[in-house]
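Residue-level structural notes
Residues per chain, in single letters:
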Amino acid sequence: MASKTLGFERPEPEYLDGEIIERHLGSFPHSEAQERLLDFFRSLKQSFKLFAYPELTLRLSPSRYRIADVAVLRGGRKAGEEYPTVPPEFAIEIVSKDDRHVAIVQKLMEYHSWGVKYVWLVDPWNQTFLVYDDSGLHEVPAFELPEYNAQISVAEFFAA
């Protein structure tokens, strides 16, 4: 549910150690990238039991709640669980026009430290893919998933 701020709808904020952090409004480039990611993971749902959720709140700790643009859980949601409390297989962020680089990297670092196996960043403004792993944030030409026999290249993703 969106929050009402100044008389208009706003995205749900994140909650970080008692502080409420506003999130940016979506845009066409952001939403289109999110939809392409959801389509990509829908193709893996049957074979690998990967379930992609848009705008999913992740409970990293009792005092830290982050909202992933796309979170992908292996096996789907646990019965009775409102928010995932264990790391998803994937946490994917999509750059919004007004995002600050330092804030995005902090969020990706938290996902990685929490134990998310694949931490991805899609930048629709520069049409790039980035991965956050043990070596930090770096650009890649494609998101590759050998264990799922799947990949998607930057060119394929942004072709429209």
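Note that the structure is predicted; figures quoted are calculated from it, not measured.

Two strands pair when backbone bridges link them, and strand E5 (residues 50-61) and strand E6 (residues 64-74) are joined in this way by 10 bridges, in the antiparallel orientation. Opposite Arg-59, over in E6, you have Tyr-65 as the bridge partner. In textbook terms, the turn of a hairpin is the stretch between consecutive antiparallel strands, and for E5 and E6 this stretch comprises 2 residues.

Our next topic: helix H2 (residues 101-114). Here H2 contains 14 residues, and its C-alpha end-to-end distance of 20 Å stays within 8% of the 20 Å for a straight helix at 1.5 Å per residue. Residues of H2 that are buried: Ile-104, Lys-107, Leu-108, Glu-110, Tyr-111 and Trp-114. Projection of H2 onto a plane perpendicular to its axis shows the buried side chains occupying an angular sector of 155 degrees, all on one side. Of the exposed residues in H2, the ones pointing more than 90 degrees away from its buried face are His-101, Val-102 and Ser-113. Gly-115 occupies a position one or two residues after H2 and carries a positive phi of about 115 degrees.

What follows concerns the packing of aromatic side chains. Under the definition given, this model contains 14 aromatic pairs. Centre to centre, the rings of Phe-90 and Tyr-118 are 4.7 Å apart; their planes meet at 15 degrees, and the pair counts as stacked. Of this pair, Phe-90 sits in strand E7 (residues 90-94) while Tyr-118 sits in strand E8 (residues 118-123), and the two are 28 residues apart along the sequence. In this pair, the class of Phe-90 matches that of Tyr-118, namely buried. Relative to Phe-143, the ring of Trp-120 has its centre 3.9 Å away and its plane inclined at 5 degrees; by these criteria the two rings are stacked.

Before going further, it helps to spend a moment on the pattern of salt bridges. Considering all chains together, one arrives at 8 salt bridges under this definition. Residue Glu-110 pairs with Arg-64 through a salt bridge whose shortest N-O separation is 2.6 Å. Within this pair, whereas Glu-110 is found in helix H2, its partner Arg-64 is found in strand E6, the two being separated by 46 residues in sequence. Each member of the pair, Glu-110 together with Arg-64, is buried. Glu-147 is paired through a salt bridge with Lys-117; the nearest N and O atoms lie 3.2 Å apart. With Glu-147 in the loop between strand E11 (142-145) and strand E12 (150-153) and Lys-117 in the loop between H2 and E8, this pair connects stretches of sequence that are 30 residues apart. On the basis of relative accessible area, Glu-147 is assigned to the partly exposed category, the value being 36%.

So, how was this worked out
Residues numbered from 1 in each chain as written. Predicted model: local features only at pLDDT ≥ 70, side-chain atom pairs only at ≥ 80, totals over all residues. Heavy atoms only, no water. Pairing = 2+ DSSP bridges. Helix = DSSP H or I, 4+ residues; strand = E, 2+ residues; numbered from the N terminus. Expected span 1.5 Å × (residues − 1). Buried < 20%, exposed > 50% of the residue type's maximum accessible area, 1.4 Å probe, protein only. Arc of directions from axis to C-beta. Phe/Tyr/Trp six-rings, centres within 6.5 Å; stacked < 30°, edge-to-face > 60°. Salt bridge = Lys/Arg side-chain N within 4 Å of Asp/Glu carboxyl O.

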